[in-house]
Each structure stands twice: as C-alpha cells, then as structure tokens.
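Take a look at the letters that make up each chain.
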Amino acid sequence: MADKKTPADKAPAEIKAAADTAPAETKAPAEKKAPAEKKAKSLADLGALAAAKPEPSPAPEATEAPAETVVAEEAPAPVENVQFEAPLREQQLDKFGRAYATGRRKDAIARVWLKPGSGKIQVNGRDQETYFARPTLRLVINQPFGITERTGQYDVVATVKGGGLSGQAGAVLHGIAQALTRFEPVLRTTVKRAGFLTRDSRVVERKKYGRAKARRSFQFSKR
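A short tour of the structure in this document, coming up.

Definitions and cut-offs
- Residues numbered from 1 in each chain as written.
- Predicted model: local features only at pLDDT ≥ 70, side-chain atom pairs only at ≥ 80, totals over all residues.
- Heavy atoms only, no water.
- Helix = DSSP H or I, 4+ residues; strand = E, 2+ residues; numbered from the N terminus.
- Buried < 20%, exposed > 50% of the residue type's maximum accessible area, 1.4 Å probe, protein only.
- Contact = heavy atoms within 4.5 Å.
- Areas by Shrake-Rupley, 256 points an atom, 1.4 Å probe, with all protein chains shown as cover.
- Polar contact = N/O pair within 3.5 Å; in protein donor to acceptor, adjacent residues only side chain to side chain.
- Phe/Tyr/Trp six-rings, centres within 6.5 Å; stacked < 30°, edge-to-face > 60°.
- Pairing = 2+ DSSP bridges.
- Axes fitted to C-alpha atoms, helices over the stretch in contact; angles between N-to-C directions.
- Core = buried A, V, L, I, M, F, W, Y, C linked by side-chain atoms within 4.5 Å.

**Description of the overall build of the protein chain**
Of the regular secondary structure elements, the protein chain holds 6 helices and 5 strands. Across the 223 residues of the protein chain, 22% fall into the buried class. Of the contacts formed within the protein chain by residues at least 6 apart in sequence, a portion of 69% connects residues at least 24 apart. Taken as a whole, the protein chain presents about 18,100 Å² of accessible surface, with 56% of it coming from carbon and sulfur.

Take a look at the structure:
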C-alpha cells in the first residue's frame, strides 16, 4: 500500500510550487516597467531637442542684379468735350463795302444790302415802321441783330416782292441773317444755331380737285 502523505509532507511541496510561481509574478511588473522607462527616455529626448536651438543656416550670398531701366508710363490725359469750331469763312463785300444776300420765305423773295451804320432799315424805299406796321413783323426782321448783340450797328436796304407781309418779313429776316454772316463770319455759328440761315421750306399746300381748297370740302347738300 502506498504511504499516505501527512500534512507535514505536503508543506515542502507547496512551498516549492509557490517558489516556482513567485518569479513569474515578479517578472510581470518588471516587464511592465520597461515600456514606461522607454516612454520617459523618449520624452526626455524630445525635451532636449526642443531646448536645443537650431543653428541658423548660412544666408545665400546676394548677387547684384543688373540694373533695369524702368520707364514710367504716363497716365493718359483725361479727354474733355472739345467742340471744334468751323473754320472762318472769308468776308464777302462788294465794291461799296456792303454785304449782299438773298432771302426767301413762302413766295416772297428779298434782296438785302447790309453796311455799318446807325440801325436804319429801309424796305422798298420806305422805313420799316411804315412798311411793316405790325410790331410783330418788325420784331421778326430784327432778330438776327438781337442774338448777335449788333442792334443799332448796321443799316439795311432791302427790296422784296411776292407773297404777303408775313412772308416778306420772313424773307427779309433770312436775307439779313445771310448778309450779317458774310460781313462778320465770326457770327455764323451763333446765327446758324438760332436757325436763321435755314430757308423755311413750309409753303401753302396745293388745291385738290373735288375740294374747295387743299383739305376743305364743299358744303354737303343732301337734296
């Protein structure tokens, strides 16, 4: 029969087993401490690298660039609205020192002679107050002198025929404006802008057959 082990015999065996297991337990903490030490060393190395100042790299030698001639571009001058004046025409005078012109309006034709004077205007041998009794007609023929500020500085002799008094006044106006610009070409722009150099093309509309006048119809009779 096998001998039964007593508790006393069991004790050394348990002590041996404990001794065998003890180094394994003590080895584990040592193995855990090793990574911690590595981390500490790596952190220390990083701190040393951060503390160490990097040495400045030598600056490259500056090479003198060839001097370039910079031409400053001039800014374009602002364009202004420049009105170009028409070239002056030559003065047109007859052998008596007068400017002559022909004026037309409706069916009236006026021949006008203009010369420096006191502002006297004769139409068909009569004074303007006598020939053109209506003040509006006298205002019409004096308009060229008014816009050019030449009132009372020229004498006018005119002969006019055809048409009525209104058409004749317009013809004299046209003739005076033309003669004034021929005596003083500088005034041409002012007179032209006022429209006095343009012949008024409005005339009476012709009568149509079957009508009393151009547009007027005969009176209608139902029976």
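**Points about the side chain of Thr-148**
Within the secondary structure, Thr-148 sits in the loop between helix 4 (143–147) and strand 5 (154–161). Among the residues examined, Thr-148 registers a relative accessible area of 6% and is labelled buried. Looking at Thr-148, its side chain comes within polar contact range of the main-chain oxygen of Pro-144, at 2.7 Å. A distance of 3.5 Å separates a polar atom in the side chain of Thr-148 from the backbone oxygen of Phe-145.

**Examining the packing of aromatic side chains**
Within the structure shown, the criterion is met by 4 aromatic pairs. Ring geometry for Tyr-131 against Phe-132: centres 5.0 Å apart, planes inclined by 85°, an arrangement best described as edge-to-face. Using a relative accessible area of 0% as the deciding quantity, one classes Phe-132 as buried. Among the aromatic residues, those joined into a ring-pair cluster are Phe-145, Tyr-154 and Phe-183.

**Notes on the sheet that holds strand 2 (residues 108–116)**
Read across the open sheet, the 5 strands follow the order 1-2-5-3-4; overall the sheet is mixed. Each end of this open sheet is capped by a strand with a single partner; those strands are strand 1 (99–105) and strand 4 (126–127). By the bridge criterion, 2 bridges tie strand 3 (residues 121–123) to strand 4 in an arrangement that is antiparallel. In the strand pairing of strand 4, Gln-122 is matched with Asp-127. Its contacts with the sheet put helix 5 (residues 165–183) on strand 1, strand 2 and strand 5, and the angle it makes with strand 1 is roughly 150°.

**Describing the nonpolar core**
With 25 residues, the main nonpolar core has Leu-114, Phe-132, Phe-145, Val-156, Val-160, Val-172 and Ile-176 as its most contacted residues. Residue contributions to this core peak at 7 residues, all from helix 5. Setting aside chain neighbours within four positions, we find Leu-114 in contact with Arg-98, Ala-99, Phe-145, Tyr-154, Asp-155, Val-156, Ile-176, Ala-179, Leu-180 and Phe-183. Formed by 5 residues, the second largest nonpolar core is a distinct cluster that contains Leu-173, Ala-177, Phe-196 and Leu-197.

**Some thoughts on unusual backbone geometry**
At Asn-124, a residue that is not glycine, the phi angle is positive and equals roughly 55°. By secondary structure assignment, the location of Asn-124 is in the loop between strand 3 and strand 4. Of note, Glu-149 is a non-glycine position whose phi angle comes to about 60°, a positive value.

**Structural notes on the pairing of strand 1**
Of the two faces of strand 1, the one holding Ala-99, Ala-101, Gly-103 and Arg-105 is buried and the one holding Tyr-100, Thr-102 and Arg-104 is not buried anywhere. Across 7 bridges, strand 1 lies against strand 2 in antiparallel orientation. Note that in strand 2 the partner of Arg-105 across the bridge is Ala-108. Taking the residues that link successive antiparallel strands as the turn, the strand 1-strand 2 hairpin has 2 residues, and the phi of Lys-106 there is positive, at about 55°.

Everything listed here is a matter of coordinates, which is why it stays silent on function.
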